Amino acid sequence: MNISVFGMGYVGAVSAGCLAHDGHSVIGVDPNRTKVDLLNEGRSPIIEGEIGTMIEKSVSSGRLRATSDVQEAVSQTELCVICVGTPSQINGNLDLTYVRRVCEEIGAALRERSGYYIVAVRSTMLPGTMRDVVIPFLERSSGKITGQDFGVCIHPEFLREGTAVADFYQPPKIVIGEDGTRCGDLIMRLYENLHAPVVRTAIEVAEMVKYADNAWHAVKVGFANEIGALSKAVGIDGQKVMQILCQDLKLNLSAHYLSPGFAFGGSCLPKDVRALSYRARSLDVKVPLLDAVLPSNEVQIERGLRLITSQGHKKIGVLGFSFKVGTDDLRESPMVEVIERLLGKGYELKVYDRNVDLAKLMGANRDYILNHIPHIARLMVRSVDEVLTHAETVVIGNRDREFQPFLDRIRPGQVVVDLVGIGSSRSGEGSYHGIGW
Ligand SMILES: NC(=O)c1ccc[n+]([C@@H]2O[C@H](COP(=O)([O-])OP(=O)(O)OC[C@H]3O[C@@H](n4cnc5c(N)ncnc54)[C@H](O)[C@@H]3O)[C@@H](O)[C@H]2O)c1
């Protein structure tokens, strides 16, 4: 293919070098004359593994060259890849100056170009940027229409500096955010020989995935460092601790606990995070990430409450209120907290959980309900139907499969607030509200 790559920084130079190495005809575009001259001399504008040799070979074989002339680059290619920088502003916001400018320039060149053109964006941009900035700027400056005269897609880059070439050929995944399929189909032709999971999704989802990825990596580093600091303070080898943590592929390094839903609770997580934070405080070890975990959980409870009360109904039903499905343990159940707060505000509640049936409960849990939360015991009913008949807003509080069929029986005027995601496929329906979807 004939491809132009805009921005000869880390991402652009690696993409241009690898694409040319794979046999495509590539034009690198950058307003920086030094970078353009360097590339045309066969030298890499960045230091990155074997990219220097790859660029040198591609330039001498004529498959790669560079220019600052946007018009020339667009007219001689069928696809352009935008890799310009998206740095931080002083206030932390994303600086889109380069994105806006490159879209204006490409758009102006498209005005003069006939035939369908593809614009793929690899720069990291917050959700909504494609729709609010890239597409309008391209349309305005080209006088053409997306989807009709040219196609756009967001194609986030996941390479890491230092191993960028290896990451190009063995990416953790290939993600394409698109409206139609024409743009993505063409992009996929670039990766015919690669073996990597391919995700083709909505534009905004792809934009967000890149941020979720990087935030997750940052959280992982911060977490490991705090565990290390705390371990060292008590004379333990933190690397050993984290190596053992990482050996657990079932609960630790897995999709477990990584789906948005309601707050955590139960007899272990809150208690143990609290104790760890306390120990760190008493040792004068700062662990801001760990300290933020319980407040973050508290915010999720408030978010759930707001979602419920914002429906404007007085009669609320709760399906599932033990801290997770399959248990009768109510200790530190976030749903119990929600029920108590709603009760305090004067809402009329009926609550049901098949695992929390007073008639069947014995021992500690029965004592806990009767002694600690007798006000909740009074709200408990013995079937889903009793909740449904009563409630104007039905809250789903744990993932019991028993609640699934009810979603098909919502009556007019009745609203579902799903805190756990068992009905997430209904997202967008007026009577259905998910907490994170
Ligand atoms: N560096 C990484 O490891 C990495 C990894 C994944 C994603 N990203 C994202 O990719 C994007 C690029 O990152 P980078 O590190 O390569 O940036 P960079 O700052 O190294 O390079 C950006 C290049 O864009 C050029 N540029 C600016 N305006 C231009 C224009 N109008 N036309 C053509 N070129 C123009 C600049 O001169 C510069 O050479 C950013 O959004 C970044 O967040 C970076």
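For the structure itself, consult the block above.
As the structure is a computational prediction, the values presented were derived from the model and not from experiment. (Residues numbered from 1 in each chain as written. Predicted model: local features only at pLDDT ≥ 70, side-chain atom pairs only at ≥ 80, totals over all residues. Heavy atoms only, no water.)

1. Here's the deal with the site of the ligand
Let me state the cut-off plainly: Nearness of a residue to a molecule or strand requires only that one of the residue's heavy atoms be within 4 Å of it. Polar contact is defined as a pair of N or O atoms within 3.5 Å, subject to the rule that within protein one atom must be able to donate a hydrogen and the other to accept it, and that residues adjacent in sequence are counted only when both atoms are side-chain atoms. Surface accessibility follows the Shrake-Rupley procedure with a 1.4 Å probe radius. Residue values consider only the protein chains on display as shielding. For each structure, a 1 Å grid was placed over the protein atoms alone; sets of points admitting a 1.4 Å probe that cannot get out are labelled cavities, open sets with protein on both sides within 12 Å along at least five of seven lines are labelled pockets, and lining residues have an atom within 4 Å of a point. More than half of a molecule's atoms lying within 2 Å of a cavity's or pocket's grid points is what places that molecule inside it. Strands here are runs of E lasting at least two residues and helices are runs of H or I lasting at least four, both read from the DSSP assignment and numbered beginning at the N terminus. Each residue gets one of three labels, nonpolar for Ala, Val, Leu, Ile, Met, Phe, Trp, Tyr, Cys and Pro, charged for Asp, Glu, Lys and Arg, and polar for the others, Gly among them.
The environment of the ligand is formed by 22 residues, the closest being Val11, Asp30, Lys35, Thr86 and Glu161. Here tyrosine 10 contributes a backbone N or O atom positioned 2.9 Å from an oxygen atom of the ligand. For the ligand, an oxygen atom lies 2.9 Å from a polar atom in the backbone of threonine 124. Contact with the protein chains hides 80% of the accessible area of the ligand, taken as 830 Å² for the molecule alone. Because more than half of its atoms lie within 2 Å of the grid, the ligand is assigned to the second largest pocket. Taken together, the elements giving at least two residues each to the shell around the ligand come down to helix H1 (10-21) and helix H5 (97-111). Examining the composition of the shell around the ligand, we find that three residues originate from one element, H5, more than from any other. When grouped by side-chain class, the residues that make up the shell around the ligand number ten nonpolar, six polar and six charged.

2. Some remarks on helix H14 (residues 334-344)
Just so we agree on the cut-off: Only protein chains enter the calculation, and the probe is 1.4 Å; a residue is then buried if its accessible area is under 20% of its type maximum, exposed if over 50%, and partly exposed in between. Two residues form a contact once any of their heavy atoms are found within 4.5 Å.
For H14, the complete set of buried residues consists of Pro334, Met335, Val336, Val338, Ile339 and Leu342. On its buried side, H14 packs onto helix H13 (293-309), strand S9 (315-319), strand S10 (348-352), helix H16 (374-377) and strand S11 (393-396). Downstream of H14 by a residue or two, glycine 346 has a phi angle that is positive, lying close to 90°.

3. Quick look at the packing of H1 against helix H3 (residues 51-60)
Our working definition: Angles run from 0 to 180 degrees between N-to-C directions of axes, and those axes are lines fitted to C-alpha atoms, restricted for helices to the stretch in contact. To sort the angles, those under 35 degrees are grouped as roughly parallel, those over 145 as roughly antiparallel, those from 65 to 115 as roughly perpendicular, and the leftovers as oblique. A crossing counts as left-handed when the near helix is turned anticlockwise from the far one by less than a right angle, and as right-handed when that turn is clockwise.
Interaxial distance between H1 and H3 falls to 9 Å at its minimum, and their mutual angle equals 55°. Taken together, the axis directions place H1 and H3 in an arrangement best described as oblique. For the pair H1 and H3, the sense of crossing is left-handed. For the pair H1 and H3, the contacting residues are Ala13, Val14, Gly17, Cys18, Ala20 and His21 in the first and Ile51, Met54, Ile55 and Ser58 in the second. Among the residues making up the contact of H1 with H3, the classes are represented as seven nonpolar, three polar and no charged.

4. Brief notes about the environment of methionine 54
If you trace the backbone, methionine 54 turns up in helix H3. Taking relative accessible area as the criterion, methionine 54 reaches 9% and is therefore assigned buried. Spatially, the C-alpha atom of methionine 54 lies 33 Å from that of isoleucine 135, the residues being 81 residues apart in sequence. Excluding its chain neighbours within four sequence positions, the residues that come into contact with methionine 54 are Gly17, Cys18, His21, Val165 and Tyr169.

5. Describing the side chain of serine 58
Along the polypeptide, serine 58 turns up in helix H3. According to the relative accessible area criterion, serine 58 is buried, its value standing at 1%. With sequence-adjacent residues up to four places away left out, serine 58 is seen in contact with Gly17, Ala20, His21, Arg63 and Leu64.

6. What to know about the sheet that holds strand S13 (residues 432-434)
The cut-off we apply is this: DSSP bridges decide pairing: two strands pair if at least two such bridges lie between them.
Reading across the sheet, the five strands line up as S10-S9-S11-S12-S13 and stay open at both edges, with parallel pairing between neighbours. Lying at the two open borders of the sheet, with one neighbouring strand each, are S10 and S13. Taking the axes of each pair of neighbouring strands and ignoring which way they run, one obtains an average angle of 20° across the sheet. Pairing between S9 and S11: four bridges, direction parallel. Directly across from valine 318, in S11, lies its bridge partner valine 395.

7. Some words on the nonpolar core
Rule in force here: Here the nonpolar core consists of buried residues drawn from Ala, Val, Leu, Ile, Met, Phe, Trp, Tyr and Cys, with membership extended through side-chain atoms lying within 4.5 Å.
Of all hydrophobic cores here, the largest spans 40 residues; its most connected members are Ile3, Val5, Leu64, Leu79 and Tyr191. No other element matches H1, which puts six residues into this core. Isoleucine 3 has contacts with Leu19, His24, Ser25, Val26, Ile27, Thr77, Leu79, Val81 and Leu190, leaving out every residue within four places of it along the chain. One finds Ile27, Val102, Met125 and Ile135 within the second-largest nonpolar core, a separate group that totals 34 residues.

The values reported here are purely geometric and, on their own, carry no functional implication.
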